[in-house]
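Observations on the three-dimensional arrangement
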Amino acid sequence: MAENFQLQSRHGKSRVRVSRVWRRPAAAGGHIIVEWNVAVSIVSDCLPSYISSDNSAIVATDSIKNTVYVKAKECTEVVSMEEFAVILGRHFTSLYPQVSEATVTIVERPWDRVTVDGKPHSHGFKVGVEKHSTEVIVKKSGSLLINSGIQGYSLLKTTQSGFEGFVTDRYRLLPDTRERIVATEVTAWWRYPFEHVSQLPSKPFCFTQRYQDVKRVLTETFFGPADVGVYSPSVQNTLYLMAKEVLTRFPDISSVQLRMPNLHFLPVNLGSKETPLVKFADDVYLPTDEPHGTIEATLSRPMSKL
Ligand SMILES: O=c1[nH]c(=O)c2[nH]c(=O)[nH]c2[nH]1
């Protein structure tokens, strides 16, 4: 209680950028580099600092920032973002009696190994596009939540998409179609089922590998087989099939949330009836993301805790 009011507070440091290199010999696969943008937010009992000038319970946000670099230094073996977030979360909740909970969020800058002369380079990387993120919440009791995700994953197919049979009323202008471009920028979040630090898998389970696996399954389900593809009757149906495939393939994922904006490629028809200039024949489009459709859903296993 704060002078007859209830105070809920948290503090931490955001945009802590850290990069870690693990220098393996070329014969063992070469160097590994990660670049992480870390945010730490702790729930800490430091009421006196809010209601008076007593800062004695505050773990300074500067110290929180420093800890990120100390822990990166201590990771002499390769760690995934998720493992690093758990290490940080456990550190703050176990070292400081006043800290009851820590939320660690990490977004990775995707440095991908380059290929030179068809060979993976031992120490050369270029930046990719879509990003892997994680949010880990650790409580003093050791209970935890691990969500991981992908952002900015842009996908498009030039055919095998349609949209028909939707509500017809005075507001409808869109014709039925079985031929259109479908484009989206996928944001996915999925939850791992581990609820306590004691349940955390040791190797060979690897969060980084699971991220790559989920991305592959999302991609394959969106596009279908390389030669013929798969017909999508709506973004809704494709989104559902993508989420379902993730839960079906990976028992260690308990729920998945997908956001798939419908980034429209509008048919171009220019001119008048008398003087047509450009007549659309599934060839020239006006790409736009303003406005765009917003389609999102969460799929969970029965009984899974969200
Ligand atoms: O796949 C689609 N789902 C919609 O809900 C929708 N609405 C719309 O105008 N076009 C589309 N396409």
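Refer to the preceding data block for the structure.
The shown structure was predicted, so the numbers you read here are calculated from the model rather than taken from an experiment.

**A look at the sheet that holds strand S3 (residues 99–109)**
The strand order S1-S2-S3-S6-S7-S8-S9-S14 describes an open sheet built from eight strands, whose pairing is antiparallel. Looking at which strands have only one partner, the edges of the open sheet turn out to be strand S1 (11–22) and strand S14 (296–300). Put simply, the sheet's adjacent strands are angled 15° from each other on average, direction ignored. Summarising the sheet, S3 and strand S6 (residues 131–139) pair through seven bridges and their orientation is antiparallel. Considered in S6, the bridge of Thr105 is made with Glu135. Across the sheet, helix H2 (residues 61–74) is in contact with S1 and strand S2 (32–44); its angle to S1 comes to roughly 20°. This element, helix H4 (residues 207–223), spans S6, strand S7 (144–157), strand S8 (182–192) and strand S9 (255–259) of the sheet and lies at about 35° to S7.

**Here's the deal with the pattern of salt bridges**
Two side chains carrying opposite charge are able to pair once their charged atoms lie near each other. Considering all chains together, one arrives at twelve salt bridges under this definition. Linking Glu74 and Lys71 is a salt bridge whose minimum nitrogen-to-oxygen distance equals 3.0 Å. Taken together, the positions of Glu74 and Lys71, both in helix H2 and three residues apart, correspond to about one turn of that helix. Here Lys71 falls in the buried class, since its relative accessible area comes to 14%. A salt bridge links Arg172 to Asp176; its shortest N-O distance comes to 2.7 Å. Relative accessible area serves as the criterion here: at 44%, Asp176 is assigned to the partly exposed category. Three or more residues are tied together by salt bridges with common partners; here these are Arg210, Asp213, Arg216, Glu220 and Asp252.

About the thresholds
Residues numbered from 1 in each chain as written. Predicted model: local features only at pLDDT ≥ 70, side-chain atom pairs only at ≥ 80, totals over all residues. Heavy atoms only, no water. Pairing = 2+ DSSP bridges. Helix = DSSP H or I, 4+ residues; strand = E, 2+ residues; numbered from the N terminus. Axes fitted to C-alpha atoms, helices over the stretch in contact; angles between N-to-C directions. Contact = heavy atoms within 4.5 Å. Salt bridge = Lys/Arg side-chain N within 4 Å of Asp/Glu carboxyl O. Buried < 20%, exposed > 50% of the residue type's maximum accessible area, 1.4 Å probe, protein only.

Structural measurements only, silent on function.
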